[in-house]
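Coordinate analysis (summary)
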Amino acid sequence: MTVMVVLYNLSTSLLADLLYQTPLGELFFYSVVNLIPLTLCLLGYYFLYKFYEKRKVVELSLKYSGKYLGLGMLLGLCLQGMTMLVIFWAGGLQVISMNGFQVILPAVLIALSTAVFEEILFRGILLRIMEEQLGSVIALLISSLVFGFLHLTNPGSSFYSSLAITLEAGVLLGAAFLFSRNLWFPIAIHFAWNFSQSGIFGALTSGGSSSKTYLVTELSGPDWLTGGAFGPEASVQALVLCLLVGSILLYLCNEQGKFLPPFWRVKANRREPVNMEF
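Only a predicted model underlies this, so the values are computations on that prediction, with no experimental measurement involved.

Let's shift gears to the overall build of the protein. Scanning the protein from N- to C-terminus turns up 9 helices and 2 strands. Ordered by position in the sequence, the α and β elements of the protein form the string α-α-α-β-α-α-α-α-β-α-α. Every one of the 278 residues in the protein was classed for burial, and the buried ones make up 49%. When contacts within the protein are restricted to residue pairs at least 6 apart in sequence, long-range pairs at least 24 apart make up 74% of them. Carbon together with sulfur atoms contributes 69% to the accessible area of the protein, which is approximately 13500 Å² in total.

As a further point, take the nonpolar core. Tyr-45, Leu-79, Ile-120 and Phe-185 are the most contacted members of the largest nonpolar core, which has 62 residues in total. Elements supplying a minimum of two residues to this core: helix H2 (26–52), helix H3 (65–89), helix H4 (105–134), helix H5 (136–149), helix H6 (159–180), helix H7 (184–200) and helix H9 (236–255). If you tally residues by element for this core, the top one is H4, at 12 residues.

Taking 1.5 Å of rise per residue, the 30 residues of H4 would be expected to cover 44 Å, and the 41 Å separating its terminal C-alpha atoms lies within 8% of that figure. Within two residues after H4, Gly-135 carries a phi angle of roughly 90°, on the positive side.

One pass over the structure, following the stated rule, counts 8 aromatic pairs. Residues Phe-47 and Phe-51 carry aromatic rings whose centres are separated by 6.3 Å and whose planes lie at 10° to one another, so their mutual orientation is stacked. Linking Phe-47 with Phe-51, this pair stays in helix H2, spanning 4 residues, or about one helical turn. Phe-51 sits in the exposed class, given a relative accessible area of 54%. Ring centres of Phe-149 and Phe-159 lie 5.5 Å apart, and the angle between their planes is 50°; on these two criteria the pair is classed as tilted. Of this pair, Phe-149 sits in helix H5 while Phe-159 sits in helix H6, and the two are 10 residues apart along the sequence. Judged by relative accessible area, which is 25%, Phe-149 ranks as partly exposed. Through pairs of rings, three or more aromatic residues link up here, namely Tyr-46, Phe-47 and Phe-51. Taking NZ or CZ as reference, Lys-67 lies 5.8 Å from the ring centre of Tyr-64, over its face.

A word on the confidence of the model for the protein. Mean pLDDT over the protein stands at 87; residues scoring 70 or higher make up 87%. For the protein, helix H1 (residues 2–19) is the element with the lowest average pLDDT, namely 69, and H9 is the one with the highest, namely 97. Within the model, pLDDT remains below 50 along residues 273–278, and this stretch shows 18 contacts once partners closer than five positions in the same chain are excluded.

This paragraph deals with unusual backbone geometry. Positioned with a positive phi, Lys-54 is a non-glycine residue whose angle comes to about 50°. Inspection of the secondary structure puts Lys-54 in the loop between H2 and H3. Residue classification places Lys-54 among the exposed positions, given a relative accessible area of 71%. The phi dihedral of Arg-181 falls on the positive side, at around 60°, and the residue is not glycine. By secondary structure assignment, the location of Arg-181 is in the loop between H6 and H7.

This part takes up H9. Here H9 contains 20 residues, and its C-alpha end-to-end distance of 28 Å stays within 8% of the 28 Å for a straight helix at 1.5 Å per residue. Regarding H9, the residues found buried are Gln-237, Ala-238, Leu-239, Leu-241, Cys-242, Val-245, Gly-246, Leu-249 and Cys-253. In the core, the buried residues of H9 are packed alongside H3, H6, H7 and helix H8 (223–226). In the segment just after H9, Gly-257 is the residue with positive phi, at about 65°.

Parameters and conventions
- Residues numbered from 1 in each chain as written.
- Predicted model: local features only at pLDDT ≥ 70, side-chain atom pairs only at ≥ 80, totals over all residues.
- Heavy atoms only, no water.
- Helix = DSSP H or I, 4+ residues; strand = E, 2+ residues; numbered from the N terminus.
- Buried < 20%, exposed > 50% of the residue type's maximum accessible area, 1.4 Å probe, protein only.
- Contact = heavy atoms within 4.5 Å.
- Areas by Shrake-Rupley, 256 points an atom, 1.4 Å probe, with all protein chains shown as cover.
- Core = buried A, V, L, I, M, F, W, Y, C linked by side-chain atoms within 4.5 Å.
- Expected span 1.5 Å × (residues − 1).
- Phe/Tyr/Trp six-rings, centres within 6.5 Å; stacked < 30°, edge-to-face > 60°.
- Lys NZ or Arg CZ within 6 Å of the ring centre and 35° of its normal.
- pLDDT = per-residue confidence, 0-100.

In structure tokens:
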């Protein structure tokens, strides 16, 4: 985990410092600063665990990548769309103006880079490795709490917003990994949620915002509806919708026998790793 954090943050920081003063344009800057660290993370994870654990890194297998990328993006867009629709129905969403689609490319790159990095870190490393010893349920609980409460460092955060991230994003994305046994599914959900929230609807994403968005909007109303200074992720409807879908995925995991029990519930010589090829 430390290697991935250092690799991503160091490469992002160095590239940003090197390219900040270049006259090559905003799109070039965002492309390099986000796509190179993203690629380094994927390659670093693949080769580190291929040689360190001496196994096939099936969670990055391309076998079902198209299926889960498509399903994940559709799911993320639908969940975010329904979250914003509730605000609209309540009269809390006002569209002020619209920009051309070309302005959203930086938001696409930022959301993609963030989704890949965080899913490798929290689902590919933390959840997966803890699951091998503690079992799926405990590993999901711990990884969700860590993921959620690390967001306390974000602007506009609170105990409630971190709890909301724990229950909606932590559970949903962890359940997506346990169900699919690959990283493409949670990466796609994470990307689609973040991108549509900031790049399309112009809302805050975990306390931060994109400078240029497709829709220039203004949210108003109680914090439980809009998420307040943290953004719609801290809204009640986001919590309910994401937790509902996460619960359905966990139910399917249980029905299909995809949960791994903790080490103390099985004999060591009979314990087998989860079959990651479904």
